[in-house]
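Report on the structure
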Amino acid sequence: MTATYTFDVFSSLDGYGSYGEGGDWGGYWGKQGPELLDRRFELFGTEQRMIFGANTFRQFVEMLGASTEESGVGDPWVTRMRNLPTTVVSSTLAGSLDWPDATIASGDAVDIVARLKAESELPLRSHGSLSMNWALLAAGLVDRVQVTIFPVITGRTGTDPIFGGAADFDLELIESRTLDGDIQELIYRPTLHV
């Protein structure tokens, strides 16, 4: 049996994963509410393996520090995510990782994730790691694309277009929900558009 791989990403309505200089939005673009936080806690409460690219992993380690309590990013779902078994795809990271259960897999992300999908008894999930997930999408290794859309437009300050480097895909909506009245969670099954 092949493990399911979910590419999980947050986005503004105009498709940006974060904001740059001049943006004063705050975490979750300042729009999080109890339903979103409860849903994220639920999603990360099941056994799964996290997969990160090196850049996203470095950002998370810097943002979260040795402890989510010390870092000020103390949402319970983040603590759960941080404590899940994690594979970091990197040819540049080495040594001790400031993450409870992380291992480095050196090599091509497509080869590594294909092997993990074949061997893992746990579902696989990646939060962020845009360029790695674009390559995995193109290789047909992503089973689900989960986009949580926050009710903001960041046309002036938006950075990191979530699908800016991806190929073309047809999407089949398999699940959707509204959280806190105006946040949309959409889960799709992607198929390469030919």
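Below, the structure is looked at part by part. (Residues numbered from 1 in each chain as written. Predicted model: local features only at pLDDT ≥ 70, side-chain atom pairs only at ≥ 80, totals over all residues. Heavy atoms only, no water.)

1. Some thoughts on the sheet that holds strand β4 (residues 86-89)
Taking strand neighbours across the sheet as the criterion, the eight strands line up as β5-β4-β3-β6-β1-β7-β10-β9 in an open arrangement whose pairing is mixed. Edge positions in the sheet fall to β5 (102-105) and β9 (169-179), since each has one partner strand and no second. Strand after strand, the sheet turns through a mean of 25° between neighbouring axes, direction not considered. Both strand β1 (residues 5-12) and strand β6 (residues 124-127) contribute to a ladder of four bridges, which runs parallel. In the sheet register, F7 faces β6, and the bridge partner there is S126. Against the sheet, helix α2 (residues 54-64) touches β3 (49-53), β4, β5 and β6, its axis set at about 105° to β3. (Pairing = 2+ DSSP bridges. Helix = DSSP H or I, 4+ residues; strand = E, 2+ residues; numbered from the N terminus. Axes fitted to C-alpha atoms, helices over the stretch in contact; angles between N-to-C directions. Contact = heavy atoms within 4.5 Å.)

2. Concerning the pattern of salt bridges
Summed over the entire model, instances satisfying the criterion amount to eleven salt bridges. A salt bridge links D8 to R40; the shortest N-O distance between them is 2.6 Å. In this pair, D8 sits in strand β1 while R40 sits in helix α1 (residues 34-43), placing the two residues 32 residues apart along the sequence. Residue D8 is classed as buried on the basis of its relative accessible area, which comes to 0%. The shortest N-O distance in the salt bridge between E42 and R39 comes to 3.2 Å. (Salt bridge = Lys/Arg side-chain N within 4 Å of Asp/Glu carboxyl O. Buried < 20%, exposed > 50% of the residue type's maximum accessible area, 1.4 Å probe, protein only.)

3. Here's the deal with the layout of surface pockets
Estimates place the volume of the largest pocket at around 1200 Å³. Lining the largest pocket are 39 residues; nearest its centre among them are G17, S18, T56, Q59 and F60. When contributions to the lining of the largest pocket are tallied by element, the ones reaching two or more residues are β1, β2 (16-19), α2, α4 (76-82), α6 (130-138) and β8 (158-161). Partitioned by chemical class, the residues of the lining of the largest pocket number 20 nonpolar, 16 polar and three charged. Size it by volume and the second largest pocket reaches roughly 270 Å³. As for the second largest pocket, its lining consists of 15 residues, and the residues nearest its centre are T6, L43, R125, R144 and Q146. Within the residue set of the lining of the second largest pocket, elements represented by two or more residues are α1, β6, β7 (144-150) and β9. It is α1 that contributes the most residues to the lining of the second largest pocket, three residues altogether. Considering only residue class, the lining of the second largest pocket consists of five nonpolar, five polar and five charged. (1 Å grid on protein atoms, 1.4 Å probe; cavity = no way out; pocket = protein on both sides within 12 Å on 5 of 7 lines; lining within 4 Å. Points joined across faces, edges and corners; volume = space filled by probe spheres on them. Nonpolar A, V, L, I, M, F, W, Y, C, P; charged D, E, K, R; others polar.)

4. Description of α1
Taken together, the buried positions of α1 are L36, R39, R40 and L43. The buried side chains of α1 occupy one side of the element, clustering within an arc of 100° when seen end-on. Opposite its buried face, α1 presents the exposed residues P34, D38 and E42, each directed more than 90 degrees away. Looking at the buried residues of α1, the elements they touch are β1, α4, β6, β7, β9 and β10 (183-192). (Arc of directions from axis to C-beta.)

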